[in-house]
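Report on the structure
The lines below spell out each chain.
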Amino acid sequence: MRRGQKGFILAEMALAVVIAGTMLAAILPLVTQARRGQGQTQTRATMELVTRAVAAYAATHHCLPCPAVPGASGAAFGALGTPAGQACGICAGAEGLVPFQALGLPLAAARDGWGVWLTMRVDPALTGDICRDPAPKDATARVRVKDGGMQEAALVLLSHGANGYGAWIAGPKTAAQSATRLGFPAQLAPCANGGDERCNADGDRDFVDADIALGNSRYDDVLSYWGRDILLGYAGAPPCHTAW
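The structure contained in this document is the topic of the report that follows. (Residues numbered from 1 in each chain as written. Predicted model: local features only at pLDDT ≥ 70, side-chain atom pairs only at ≥ 80, totals over all residues. Heavy atoms only, no water.)

1. As for the state of the cysteines
A full pass over the atoms with the stated rule returns four disulfides. The disulfide partner of Cys66 is Cys91, and the gap between their sulfur atoms is 1.9 Å. Taking the torsion about the sulfur-sulfur bond, which here is approximately -85°, the covalent link between Cys66 and Cys91 counts as left-handed. Residue Cys66 is found in the loop between helix 1 (3-61) and strand 1 (95-96), and its partner Cys91 is found in the loop between helix 1 and strand 1; the two are separated by 25 residues along the sequence. Accessibility assignment for this pair places Cys66 and Cys91 in one class, buried. Here Cys191 engages in a disulfide with Cys199; their sulfurs sit 1.9 Å apart. One quick way to see it: the torsion about the S-S bond of Cys191 and Cys199 is about 105°, and its sign makes the bridge right-handed. Residue class for Cys191 comes out partly exposed when judged on its relative accessible area of 33%. Relative accessible area serves as the criterion here: at 7%, Cys199 is assigned to the buried category. Across the chain, the disulfide pattern expressed with sequentially numbered bonded cysteines is 1-3, 2-4, 5-8, 6-7. (Disulfide = S-S within 2.5 Å. Helix = DSSP H or I, 4+ residues; strand = E, 2+ residues; numbered from the N terminus. Buried < 20%, exposed > 50% of the residue type's maximum accessible area, 1.4 Å probe, protein only.)

2. Points about unusual backbone geometry
At His62, a residue that is not glycine, the phi angle is positive and equals roughly 65°. Taking the relative accessible area as the measure of exposure, His62 reaches 39% and is therefore partly exposed.

3. Focus on the side chain of Thr82
Inspection of the secondary structure puts Thr82 in the loop between helix 1 and strand 1. Assessed through its relative accessible area of 9%, Thr82 is described here as buried. A polar atom in the side chain of Thr82 sits 2.6 Å from the backbone oxygen of Gln86. When near neighbours in sequence (up to four residues on either side) are disregarded, Thr82 contacts Cys66, Gly89 and Ile90. (Polar contact = N/O pair within 3.5 Å; in protein donor to acceptor, adjacent residues only side chain to side chain. Contact = heavy atoms within 4.5 Å.)

Right, dumping it as structure tokens:
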């Protein structure tokens, strides 16, 4: 092979590498976007399934189910977070995981489209009697969702998105789960300064339903939230005739 021919071949190879790199750089965002869309679609479908199950539970037992305790293990994982597994009563915590066992759902229904545990939060005033007229103090525990305005909700289901920041850390699928959350990168702003994903994982009653189209490129959470009577109507049950 002549020296000139060798140099020409090397130049062709270099050009091919550059072209391949350019094509890969163009394709990767499309692949990422497609995966994100697929994950969101699956997550929405799972949330629909869980919502229907919660609505049916509320219509049958006349109370909201308590979230499952994230730190539970063995047979207790995915069970109601109430003393002795009572159908209605005071919850171990207003926020936790989907109680898939009590809702008659498979374990997969407790996970989002990226295989991460869904977070579930309920209004604790409604886990004893969903139609009781709560005392004024109960309003301070009511779930609120900021979505341009401020919406009050009886039930919130939250996926922590593809990045999983703030989600309960999963252990073995059928054994003990860690009661800690996946940490956030240091560069992500605090909740008070626009770190909306942090707001959704700080354990309080306030959530943010931000829209990535509005420029919050770091936000990929997916929320589903329902008022009391709307949730009952979802199961074909009559609304409550009490204040909420």
